Amino acid sequence: MTVTPEARTTSREQIALTEQHSAHNYHPLPVVVASAEGVTVTDVEGREYLDFLAGYSALNFGHRHPELIRAAQRQLGRVTLTSRAFHHDQLGPFCAELAELVGKDTVLPMNTGAEAVETGIKVARKWGYDVKGVPADQATIVVAHGNFHGRTTTIVGFSDDAEARDGFGPFGPGFRSAPYGDAAALAAAVDDTTVAVLIEPIQGEAGVVVPPPDYLPEVRRICTERGTLLILDEIQSGLGRTGRTFAAEHSGVVPDMYLLGKALGGGVVPVSAVVADHDVLGVIGPGQHGSTFGGNPLAAAVGRAVVALLASGRPQRKAAAMGEILHSELRGLIGQGVTAVRGAGLWAGIDIDPAIGTGREISEALLAEGILVKDTHGSTIRLAPPLVVTEAEIRRAVAALATVLKERR
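Because the structure is predicted, anything quoted here is derived from the model rather than measured. (Residues numbered from 1 in each chain as written. Predicted model: local features only at pLDDT ≥ 70, side-chain atom pairs only at ≥ 80, totals over all residues. Heavy atoms only, no water.)

## What about the overall build of the protein chain?
This is how it is decided: Starting at the N terminus, helices and strands are each numbered in turn, a helix being any DSSP run of H or I of at least four residues and a strand any DSSP run of E of at least two. In this setup the radius of gyration rests on C-alpha atoms only. A globule is expected at 2.2 Å times the number of residues raised to 0.38. Buried means the residue's accessible area, taken with a 1.4 Å probe over protein chains only, is under 20% of the maximum for its type, while exposed means over 50%, and partly exposed covers the values in between. Whether two residues touch is decided by their heavy atoms; if any such pair falls within 4.5 Å, the residues are in contact. Under the convention used here, a 1.4 Å probe and the Shrake-Rupley method define accessible areas, while residue burial counts only the protein chains that appear. When charges are tallied, Lys and Arg are placed among the positive residues and Asp and Glu among the negative ones, while His and the ends of the chain are skipped. Here the site of a charge means atom NZ of a Lys, CZ of an Arg, CG of an Asp or CD of a Glu.
Looking only at helices and strands, the protein chain has 13 helices and 15 strands in total. In terms of C-alpha radius of gyration, the protein chain reaches 21 Å, essentially the compact-globule figure of 22 Å for 409 residues. Every one of the 409 residues in the protein chain was classed for burial, and the buried ones make up 53%. By sequence separation, contacts in the protein chain at least 24 residues apart represent 71% of the contacts at least 6 residues apart. Surface exposure of the protein chain reaches about 17800 Å², of which carbon and sulfur atoms provide 53%. Each charge class in the protein chain can be summarised by its mean position, and for the 36 positive and 46 negative side chains these summaries are 3 Å apart.

## A closer look at the pairing of strand 7 (residues 194-199)
Worth spelling out the cut-off: Strand pairing requires that DSSP identify at least two bridges connecting the strands.
Of all six residues in strand 7, six are buried, a share of seventy percent or more. Two strands pair when backbone bridges link them, and strand 5 (residues 140-144) and strand 7 are joined in this way by three bridges, in the parallel orientation. What sits directly across from Ile-141, in strand 7, is Ala-196. Looking at chain direction, strand 7 and strand 8 (residues 229-233) are connected through four bridges and run parallel.

## What to know about the nonpolar core
Rule in force here: The set of buried Ala, Val, Leu, Ile, Met, Phe, Trp, Tyr and Cys residues whose side-chain atoms join them within 4.5 Å is what this entry labels a nonpolar core.
Counting residues in each nonpolar core, the largest one holds 31 residues, and the members touching the most others are Phe-52, Leu-330, Ile-362, Leu-366, Ile-394 and Leu-401. Breaking this core down by element, the ones donating at least two residues are helix 11 (314-331), strand 11 (338-343), strand 12 (348-352), helix 12 (359-368), strand 15 (380-383) and helix 13 (391-408). Take this core: its biggest share by element is seven residues, from helix 13. When residues no more than four places from it in sequence are discounted, the contact partners of Ile-362 are Ile-352, Ile-356, Ile-381, Leu-401, Val-404, Leu-405 and Arg-408.

## A few points about empty space enclosed by the protein
Cut-off, in case you're wondering: Only protein atoms enter the calculation, which uses a 1 Å grid: trapped sets of points that fit a 1.4 Å probe without letting it out are cavities, open sets showing protein on both sides within 12 Å along at least five of seven lines are pockets, and any residue with an atom within 4 Å of a point is a lining residue. Grid points are joined across faces, edges and corners, and a volume is the space filled by probe spheres set on the points. The classification used treats Ala, Val, Leu, Ile, Met, Phe, Trp, Tyr, Cys and Pro as nonpolar, Asp, Glu, Lys and Arg as charged, and all other residues, Gly among them, as polar.
Here the structure, examined in full by the defined rule, presents one cavity of 30 Å³ or more. For the lining of the largest cavity, a count of residues per class yields four nonpolar, two polar and one charged.

## Describing the sheet that holds strand 1 (residues 33-37)
With mixed pairing, four strands are arranged side by side in an open sheet as 1-2-3-13. In this open sheet, the two strands that pair with only one neighbour each are strand 1 and strand 13 (371-372). Strand direction decides the pairing type here: strand 3 (residues 48-51) and strand 13, joined by two bridges, are parallel. Looking at the pairing, Leu-50 lines up with Ile-371 of strand 13.

## Details of unusual backbone geometry
Looking along the chain, the bond that leaves Gly-169 and enters Pro-170 is cis, with omega of 5 degrees. Assignment of secondary structure puts Pro-170 in the loop between helix 6 (162-165) and strand 6 (175-178). Although it is not a glycine, Ala-54 adopts a positive phi angle of roughly 55 degrees. Summarising the element assignment, Ala-54 is placed in the loop between strand 3 and helix 2 (66-76). According to the relative accessible area criterion, Ala-54 is buried, its value standing at 0%. Residue His-377 is not a glycine yet carries a positive backbone phi of 50 degrees.

## A short note on helix 12
Going by this rule: It is the directions from the helix axis to the C-beta atoms whose arc is reported.
Within helix 12 the residues assigned to the buried category are Gly-359, Arg-360, Ile-362, Ser-363, Leu-366 and Leu-367. Each buried residue of helix 12 lies within a common arc of 165 degrees when the element is viewed along its axis, so the set occupies one face. Each element contacted by the buried residues of helix 12 is listed here: strand 3, strand 12, strand 13, strand 14 (374-376), strand 15 and helix 13. Two residues or fewer after helix 12 comes Gly-370, characterised by a positive phi angle close to 90 degrees.

## Things to note about the layout of surface pockets
One water molecule sets the probe size; rolling that probe over the atoms shows where empty space is left. Of the pockets and cavities examined, the largest pocket occupies roughly 1600 Å³. Taken together, 48 residues form the lining of the largest pocket, with Tyr-26, Tyr-56, Arg-151, Glu-205 and Lys-374 sitting closest to its centre. Counting residues per element, the ones that place at least two in the lining of the largest pocket are helix 4 (113-132), helix 5 (153-157), helix 6 and strand 14. Here the lining of the largest pocket is composed, by residue class, of 22 nonpolar, 14 polar and 12 charged. Roughly 380 Å³ of internal volume is contained in the second largest pocket. Forming the boundary of the second largest pocket are 16 residues, of which Arg-84, Val-107, Leu-108, Pro-109 and Ile-284 lie nearest the centre. When residues of the lining of the second largest pocket are assigned to their parent elements, the largest contribution, five residues, is made by strand 4 (residues 106-110). Grouping the amino acids of the lining of the second largest pocket by side-chain chemistry returns eight nonpolar, seven polar and one charged.

## Considerations on the pattern of salt bridges
Our working definition: Put simply, a salt bridge is a Lys or Arg side-chain nitrogen that is within 4 Å of an Asp or Glu carboxyl oxygen.
One pass over the structure, following the stated rule, counts 17 salt bridges. In this structure, Glu-37 and Arg-64 form a salt bridge, with 2.3 Å as the shortest nitrogen-oxygen distance. With Glu-37 in strand 1 and Arg-64 in the loop between strand 3 and helix 2, this residue pair connects regions lying 27 residues apart in the sequence. A salt bridge links Arg-395 to Glu-329; the shortest N-O distance between them is 2.6 Å.

This is a description of form; function is not addressed.
Right, dumping it as structure tokens:
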């Protein structure tokens, strides 16, 4: 039986159809989005909500940003895919413009964030063997407790999140984990076989955990002294989210390799990239890595529009200014059902008093108030509104949270 969108017009019907025919690898909130613009989404019944998740930062510039949509529409009328078997006229400009924004000289484009992480792992190992001189098949990479870098079997193999990891082994060797924020422990995990340290400058899935101010600079120093690459996963934290182009800028740290994704596609198409200097990415040769869709014309065209937005500096300045308001408002809820607030720019992890409710319960209550957020790890919720959010929308969302907390106390 063919089911047209028009045949399923209510949220209940749409959810039932999804539950019947899609794998249950997500547990979404009971809202069915039919259209969106900027910070606002509208469900199939016409109810409007403020989207304060923004696709885990994939929608940093809001839903259907006009400049990004125009770029996609122009490219849709020309060519969408060639594969990397041939050149196309968007790839070179995209790589050059992204490299200039980042301050590196070489870009390896992929599609998803997890692909960028997998690519970074492969490049680091190849660099370790070819440049550092690590014996074959002995390369190690140091990661952090509480990390989230994706859901491939390689990546969940070095996760300490039982939900992400359990049931998917056996896992490959080559990873060591140290407590996040503890530079001394990380230093102890680095040895002559270590080809890279792979960390998030702010841990998103763990609850928007910000490390101590001296952590990233100390990690940078350790990597430099020990001759190992520093790889920063800025897939969620980067591209304007924290009020800077990259979260690491708050610490004055420049890694050897950036892993980018999510917002790089502007919420239009999946786009990710590994960005480093040629002495690192140059170790990969033809046939050693690739992707049919990586760097495709449509993705590159949208990515160029994203880079142009960021090159103007406007999204970063907006995130910084609105972030001050967001965090000021949220701190006012501490002691009123909130036990802690963390984050930077337009990114916040909010710990709810467990006596009041779980993160899921608070998220469901906020849904009823017209605010979309996401829970993580027990009683923590995350806020990550698009960078186009207004002061009025921030105050409305925090007021809704205050109302939910007051009603449950």
